[in-house]
Amino acid sequence: MEIRVLILLLLPLLLISLFVPNPTVALYEDQVGLMDWHYKYIGKVKHAVFHTQKAGRKRVVVSTEENVIASLDLRRGDIFWRHVLGKNDVIDAIDIAMGKYVISLSSKGSVLRAWNLPDGQMVWESFLQGSTLSKSFFSAPLNLKIDKDNVVLVFGKGCIHAVSCIDGEILWKNELSSESSDIQHVFQPLGSDLIYAVGFITSSKLVIYQINAKNGDLLKQSTVDFPGGFSGDLSLVSTDTLIALDSTQSKLVKISLVNGETSLLPSDIADLIDGFSGMASLLPSKLTGMLAIKINSYIVFVRVSGEDRLEVVEKINYPAAVSNSLSLLEGHYAIGLVQRSGNKIHLTVKLDSDWNSDMIKESIELGHQRGIAEKVFINDYIRTDRSPGFRALIVMEDHSLLLLQQGEIVWSREDGLASIMDTTTSELPVEKAGVSVSKVEHNLFEWLKGHILKLKGTLMLANSDDIVAIQEMRLKSSEKNKMTRDHNGFRKLLIVLTKAGKVYALHSGDGRVVWSLLLPSFRMSNTCHHPTALSIYQWQVPHHHAMDENPSVLVVGWCGFSLDSPGILSFVDSYTGKELYSSSLTHSIAQVIPLPFTDSTEQRLHLLIDADGLAHLYPRTDEAIKIFQRELPNTYWYSIDGEKGIIRGYGLQYSCLPGITDEYCFGAKELWSIVFPSESEKIIATTTRKLNEIVHTQAKVLADQDVMYKYISQNLLFVATVAPKAAGEIGSANPEESWLVAYLIDSITGRILHRVTHPACQGPVHAVFSENWVVYHYFNLRAHRYEMSVIEIYDQSRADNKDVLKLMIGKHNLTSPVSAYSRPEVIVKSQSYFFTHSVKAIAVSLTAKGITSKQLLIGTIGDQVLALDKRYVDPRRSINPTPSEKEEGIIPLTDSLPIIPQSYVTHSLQVEGLRGILSVPAKLESTSLLFAYGVDLFFTRIAPSRTYDSLTEDFSYALLLITIVALVASIFVTWVLSEKKELREKWRVLLLFLFHPVDSY
Amino acid sequence: MDASRPIFAALIALLFFFSLPCALSVSSAHGEGYAITGRVRIEGLGKGFGIPGKTLNAKVILNGGQQVTFLRADGYFSFYNVSAGTHLIEVSAMGYFFSPVRVDVSARNRGKVQAALTENRKGLTELVLEPLREEEYYDVREPFSIMSLVKSPMGLMMGFMLIVMFVMPKLMENMDPEEIRRAQEEMRSQGVPSLANLLPGAGRS
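What you see is a predicted model, and the numbers here were worked out from it, not measured in a lab.

Thresholds applied
Residues numbered from 1 in each chain as written. Chains lettered and ligands numbered in written order. Predicted model: local features only at pLDDT ≥ 70, side-chain atom pairs only at ≥ 80, totals over all residues. Heavy atoms only, no water. Helix = DSSP H or I, 4+ residues; strand = E, 2+ residues; numbered from the N terminus. Buried < 20%, exposed > 50% of the residue type's maximum accessible area, 1.4 Å probe, protein only. Areas by Shrake-Rupley, 256 points an atom, 1.4 Å probe, with all protein chains shown as cover. Contact = heavy atoms within 4.5 Å. Disulfide = S-S within 2.5 Å. Phe/Tyr/Trp six-rings, centres within 6.5 Å; stacked < 30°, edge-to-face > 60°. Pairing = 2+ DSSP bridges. Axes fitted to C-alpha atoms, helices over the stretch in contact; angles between N-to-C directions. Salt bridge = Lys/Arg side-chain N within 4 Å of Asp/Glu carboxyl O. Buried area = accessible area lost by both parts, 1.4 Å probe. Arc of directions from axis to C-beta. Core = buried A, V, L, I, M, F, W, Y, C linked by side-chain atoms within 4.5 Å. UniProt positions renumbered as here; feature names shortened; annotations may be inferred. Lys, Arg positive; Asp, Glu negative; His and termini not counted. Expected span 1.5 Å × (residues − 1). Bend = angle between axes of the 7 residues up to and from the residue. Patch = residues over 30% accessible without salt bridge, like charges linked within 9 Å, V, L, I, M, F, W, Y side chains within 5 Å. Parallel < 35°, antiparallel > 145°, perpendicular 65-115°, else oblique. Left-handed = near helix turned anticlockwise from the far one by under 90°. Nonpolar A, V, L, I, M, F, W, Y, C, P; charged D, E, K, R; others polar.

Caption draft 1: Representation of the overall build of chain B. Secondary structure summary: chain B contains 6 helices and 12 strands in total. In chain B, which comprises 205 residues, the proportion classed as buried is 38%. Carbon together with sulfur atoms contributes 61% to the accessible area of chain B, which is approximately 12200 Å² in total.

See below:
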């Protein structure tokens, strides 16, 4: 035990002395996939267009809510190509034009792009302008041609544009009106040279424009008054008929455009449907000759035929997805419906002319974890027996994507994982007795063969077949994918919460989904219409006296979108993936504070702060209240009001509000507040230390035998503010009127420990806090480069403890308690460096004991993760370090931080749409696990100071074995030789004795 | 890094020679803002200006993510509706290191664009972005050499053994015969060392 402690103490020194020259830890190309995995996703599909007409690759082009345009293989669901647009570049519509270009409209109808269908290369890009901010926008490629050009009609920002498909040239443009008209549909009747645009001007006025398709001239503008007013829903049934809903949502208004004349014909829904009451709304599906109306819990299909006849064709239960009409041969249209009942989903494809007979009716077994179908897109094909067949692309409630064909799920994609909200980790179960461990290598021979192959690889003697075999062997190594805890702590469960309210457990070995759960408490229900999942916490981590219990996680959410909507809690077993219980709270949740106390079953106490500033204790047990009441006087929290620029610190009171007898509710008393002047400072970033971070030592020994004491406090808060004028994007502010102020605040007393102003700098600020330092990234307007600054904070009150004599006679204050109330004497060291790239996320590597040196994990704008050694961001770097400083590992000062390509932990991969980086310590001190998420997921292991405590994957056991064998053999050989020699010697002595007996006596 | 320095110098030189006579890319004024048009050129990939989009998937980013655009087949890109002022353009292309570019859009001069690389403060007369260097994300395995084997701990062990086996007897020869005699005497008194004696626990039995 002592030796171990000694080693732990000595290790940092060892590390420093060993690894000064080259801090990068790079990967060889053949090691890709050995300890990392990468999955590509696209997000929840909004639009889908099939491309199946031609022979060859059949594909479906989709756009998603993560602003992704992708072309998917219709056979297997793989991504052919994919583009992730900017975060402000929301896709409005996509379509395929001329059979070879994918056209996408984005950024509220202002950017039109064409992508080459086979390879995704951007062909052209057009910027469409308009003066008014119109609400609706869409593109509608038609069979319209102007001078042999294929044309796309685009409506956006109050203008109609005709854009050439070949080069994106705007052929004509018509600004429809300066008034605030709300255009709903733009269409061209077949064989006509006219384009109609129909919309509302006010809620009771319908406007119809007629435009010449060849040159965009406005031919006619007519308005029709409807005294009842419109609700805003308008459905295009055919090229001369539209159906609107009146403002009471109980009447359908049929709008006929015949020969340029407009007529309105209202009819009561109650006449169509018996027992109708309440409100109706139109479904957005584009149906031809039909209309889908949602009434309470039903969807009613209404056929619009003849002059003024509306007839109900079917009434189905509401949670159902309705596709757009699919045009078939001979003027028929097909409509797809997907409903769920019990364990099955039912796909029905109906023909508009013959509603009663189904073209297809299929039922597919589908577990409850995918929820209901939200969207369906259908596509037809001809079966081998020449009968028509349909395939359906279904978007489920959990954002996953399924392709159904012939009653089977051809493929499915877990695209909910593209929108992760929060992540946490859980240990795997301990290996039980009886479970075979050595399933990995079947016998000694195979084991040896494997290692001989590896040896060949290291000696560069392997041929190409051998290399393939080695790679396969490494990837297949089932060691990393086992479902039990391993000695090094590499195997873990990554528990992620997605936007759809689904929790997934991913295995850290290969990223497979171990279990997934669509949280029942986060599904739309009568009591909660818009549940929002927010964050996930470790609730119960059994390790000491509750070993038999499974760990569990806490999922926190709102029932609504705002801060004051009531909260939802859900508790999920981390091993089985079952919801243990859930509760809908009466109070809101503004903040969740995991407390550093656990009860006897290792449940962590959590404090939930509601919007009124009251604290609620969970779990609601007597034991928890007993533990908490002891600690209550020492519990503090703070709130940050970014809009008003106020940070407030609170203590707790024993009672809730007067008159409320809830023993789990505690009132708060304001202890301090910091008000930032709103005319000069605006809070843009705050960060604190990670709660689970472990600091190995408080002392930092310098090379000249001096000691500095790190100021380590769990309560330090880093706040960055900027000038309000510079709060926008880069390019919006002058250097003269922008500044950035960084604060270090003690969150118990509200004392500002340090304040530094960076003139001519602005956000966005990304910061990371660890031990006694904070590193933050911002933009310097004067140099026009990004900068990274470091602030290190040291405790001066302990600086006197260096005197050995004082230590010996006990006159030191090392054992004196550290109080958050005492006024700390701190000194601060800081330095700034240039950094080339924009940053999306920044984190720091965490290890089990905090001995290993730290790496900053920087998610760059190119969606890569760069591991930058903390020693580059050291405030003590100087231009000419003294020899003793060099010995300590101080790198000579450079004005910018190096970007070494080999230190990208994502190597040649990109984590598209990178949003967060999570670092989790492994049990092995040298190693940390890294999980980066965005649209893609990426996981790897990093060893900031190399794996000094274990053999690398490359370690050649065969070489070791050969050496040992050789050693043993040589020992035997020498032994035999020496035996022989000895024998000879003995004979010699004997002969000497025989022939010279006199000499002996 | 050192190896890439000459390449980088060559690129800069190239850029200077080619671009002097060219006019700076002029942006056209739109209703609300200006447009910035430029191109990305990567030597040795495709034919001159072309970049195979499928292999590169390059993005051009304005102001750290305010706008993101893609390259056309000829390497051109455009940002629309950009306000007058100083902006930052970054190029993200796997395998290449691009310097961010500072772009000044003049309000007075009909949105005239001036550009400079921020990494080395080199002015650009034309908005043609070229990588400063190629990025290699993997370490290259060093070819097998006897030295690396010798240097490894096991190699050292072997070496030591060889020394003991071959050099020690030589040393013995040079020793004083009297001393050898004495040593042998000593050995004889202790008995012959056998392998069994070397093994732990064997002595006890």
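Caption draft 2: Inspection of the overall build of chain A at higher detail. Scanning chain A from N- to C-terminus turns up 9 helices and 66 strands. Partitioning the contacts of chain A with sequence separation of at least 6, the portion at a separation of at least 24 is 51%. Of the roughly 45000 Å² of accessible surface on chain A, a fraction of 54% belongs to carbon and sulfur atoms.

Caption draft 3: Up close: the environment of Tyr318 of chain A. Residues and elements named next belong to chain A. The topology assignment puts Tyr318 in the loop between strand E26 (309–317) and strand E27 (320–322). Under the relative-accessibility criterion, Tyr318 is labelled partly exposed at 31%. The spatial distance from the C-alpha of Tyr318 to the C-alpha of Ser297 is 4.8 Å, given a sequence separation of 21 residues.

Caption draft 4: Region of the structure containing the state of the cysteines. Residue and element names in this part refer to chain A. For the structure on display, the rule yields 1 disulfide over all chains. In this model Cys159 remains outside any disulfide bridge; the closest cysteine sulfur is found in Cys165, 19 Å from its own. Cys159 sits in the buried class, given a relative accessible area of 0%. For Cys165, a relative accessible area of 2% puts it in the buried group.

Caption draft 5: Broad picture of unusual backbone geometry. A cis geometry characterises the amide bond from Tyr618 of chain A onward to Pro619 of chain A, with omega recorded as 0°. Relative to the elements of secondary structure, Pro619 of chain A occurs in the loop between strand E46 (615–618) and helix H5 (622–631). Cis geometry marks the peptide bond from Gly763 of chain A to Pro764 of chain A; its omega dihedral reads 0°. Positionally, Pro764 of chain A belongs in strand E57 (residues 761–770). Positioned with a positive phi, Ser107 of chain A is a non-glycine residue whose angle comes to about 55°. Even without being a glycine, Arg121 of chain B presents a positive backbone phi close to 55°. With respect to the secondary-structure elements, Arg121 of chain B resides in the loop between strand E8 (113–117) and strand E9 (123–124).

Caption draft 6: Region of the structure containing the packing of aromatic side chains. A full pass over the atoms with the stated rule returns 21 aromatic pairs over all chains. Seen from their ring centres, Phe77 of chain B and Phe79 of chain B are 5.9 Å apart, and the 65° between their planes marks the pair as edge-to-face. Taking relative accessible area as the criterion, Phe79 of chain B reaches 0% and is therefore assigned buried. Members of the aromatic cluster, each reached through a chain of ring pairs, are Trp37, Tyr39, Phe931, Tyr933 and Phe939 of chain A.

Caption draft 7: Molecular detail of the sheet that holds strand E35 (residues 408–413) of chain A. All names here are of chain A. Taken in spatial order, the 4 strands make up an open sheet running E32-E33-E34-E35, and their pairing is antiparallel. Looking at which strands have only one partner, the edges of the open sheet turn out to be strand E32 (373–382) and E35. Each neighbouring strand pair of the sheet contributes to a mean axis angle of 20°, computed without reference to strand direction. Looking at chain direction, strand E33 (residues 388–396) and strand E34 (residues 401–405) are connected through 5 bridges and run antiparallel. Following the sheet pairing, Ala392 is matched in E34 by Leu404.

Caption draft 8: Examining the pattern of salt bridges more closely. All names here are of chain A. A complete count under the given rule lists 37 salt bridges over all chains for this structure. Between Glu693 and Lys854 there is a salt bridge, and its shortest N-O distance comes to 3.7 Å. Remark: Lys854 occurs in the loop between strand E61 (839–844) and strand E62 (855–860) and Glu693 occurs in the loop between strand E51 (682–688) and strand E52 (699–701); sequence separation between them is 161 residues. Like Lys854, Glu693 is buried. Between Asp863 and Lys840 there is a salt bridge, with its nearest N and O atoms 2.7 Å apart. Taken together, the positions of Asp863 in the loop between E62 and strand E63 (865–869) and Lys840 in strand E61 put the pair 23 residues apart, joining distant regions of the chain.

Caption draft 9: Main features of the sheet that holds E26 of chain A. All names here are of chain A. The strand order across the open sheet built from 4 strands is E23-E24-E25-E26, with neighbouring strands paired in antiparallel fashion. Each end of this open sheet is capped by a strand with a single partner; those strands are strand E23 (280–282) and E26. Put simply, the sheet's adjacent strands are angled 30° from each other on average, direction ignored. As judged from the 8 bridges shared by strand E25 (residues 298–305) and E26, these two strands associate in the antiparallel manner. The residue bridging Val304 from the neighbouring strand is Leu310, located in E26.

Caption draft 10: Summary view of the interface of chain A and chain B. Counting from both sides, the interface comprises 70 residues of chain A and, opposite them, 61 residues of chain B. Here chain A meets chain B over a buried area of about 5800 Å², counting both sides, of which 57% is carbon and sulfur. Where chain A packs against chain B, one counts 3 salt bridges. Two residues, Asp863 of chain A and Lys59 of chain B, come together in a salt bridge whose shortest N-O distance is 3.7 Å.

Caption draft 11: Representation of the environment of Gly64 of chain B. Tracing the backbone shows Gly64 of chain B in the loop between strand E2 (59–62) and strand E3 (67–70). A sequence separation of 24 residues divides Gly64 of chain B from Leu88 of chain B, and the C-alpha atoms of the two residues are 7.4 Å apart. Once you skip the residues sitting within four places of it in the chain, Gly64 of chain B turns out to touch Tyr786, Ser838 and Ile861 of chain A together with Glu90 of chain B.

Caption draft 12: Structural detail: H5 of chain A. Residues and elements named next belong to chain A. Of all the residues in H5, the buried ones are Ala624, Ile625, Ile627 and Phe628. The buried side chains of H5 occupy one side of the element, clustering within an arc of 165° when seen end-on. In H5, the exposed positions that point more than 90 degrees away from the buried face belong to Lys626 and Arg630. Those residues of H5 that are buried are in contact with strand E44 (591–598), strand E45 (604–609), E46, strand E48 (646–652) and strand E49 (665–666).

Caption draft 13: Quick peek at the nonpolar core. Counting residues in hydrophobic clusters, the biggest one holds 51 residues, and the most contacted among them are Ile89 and Leu129 of chain B. In this structure, Ile89 of chain B is in contact with Ile36, Val60, Ile61, Leu62, Phe77, Phe79, Pro100, Val101, Val103 and Leu129 of chain B, ignoring residues within four places of it in sequence. Grouped together as the second largest cluster of nonpolar side chains are 37 residues, Tyr41, Val68, Leu72 and Val935 of chain A included.

Caption draft 14: Examining the UniProt feature "transmembrane region" (unreviewed entry) in chain A more closely. The residues that UniProt annotates with the feature "transmembrane region" (unreviewed entry) are residues 955–978 of chain A. The annotated region residues 955–978 of chain A carries 92% helix and 0% strand content, and the separation between its end C-alpha atoms amounts to 35 Å.

Caption draft 15: Just the side chain of Asp352 of chain A, in detail. All names here are of chain A. Summarising the element assignment, Asp352 is placed in the loop between strand E30 (344–351) and strand E31 (358–365). Buried and without a salt bridge, Asp352 has Arg303 as its closest oppositely charged side chain, separated by 6.5 Å. Setting aside chain neighbours within four positions, we find Asp352 in contact with Thr288, Met290, Arg303, His332 and Tyr333.

Caption draft 16: Just helix H4 (residues 153–173) of chain B, in detail. In a regular helix each residue adds 1.5 Å, so 21 residues correspond to 30 Å; H4 of chain B covers 30 Å between its end C-alpha atoms and thus fits that length. The sharpest bend along H4 of chain B comes to roughly 35°, located at Val167 of chain B, with the proline Pro169 of chain B sitting one to four residues further on. Its buried side turned inward, H4 of chain B meets helix H8 (957–995) of chain A together with helix H3 (146–151) of chain B.

Caption draft 17: Spotlight on a nonpolar patch on the surface. Residue and element names in this part refer to chain B. Residues Phe160, Leu162, Ile163, Val164, Met165, Phe166, Val167, Met168 and Leu171 make up a contiguous nonpolar surface patch of roughly 840 Å² in combined accessible area. Within the secondary structure layout, Met168 lies in helix H4. Classification of Met168 by relative accessible area gives partly exposed; the value is 42%.

Caption draft 18: Structural context of the pairing of strand E15 (residues 182–187) of chain A. Residues and elements named next belong to chain A. Burial runs high along E15: 5 of the 6 residues are buried. Relative to strand E16 (residues 194–200), E15 runs antiparallel, the two being bridged by 5 bridges. Each bridged residue has a counterpart across the sheet, and for His185 the counterpart in E16 is Val198. Taken together, E15 and the strand that follows it, E16, pair antiparallel across an intervening segment of 6 residues, in which Gly191 is found at a positive phi of about 75°.

Caption draft 19: Region of the structure containing the packing of H8 of chain A against H4 of chain B. Packing of H8 of chain A against H4 of chain B brings their axes to within 10 Å, and their N-to-C directions diverge by 15°. Classified by the angle between their axes, H8 of chain A and H4 of chain B sit roughly parallel to one another. As H8 of chain A packs across H4 of chain B, the resulting crossing turns out to be left-handed. Between H8 of chain A, through Leu959, Leu960, Thr963, Ala966, Leu967, Ser970 and Thr974 of chain A, and H4 of chain B, the contact on the second element is made entirely by Met154, Met157, Met158, Met161 and Met165 of chain B. The residue makeup of the contact of H8 of chain A with H4 of chain B, split by class, is 9 nonpolar, 3 polar and no charged.

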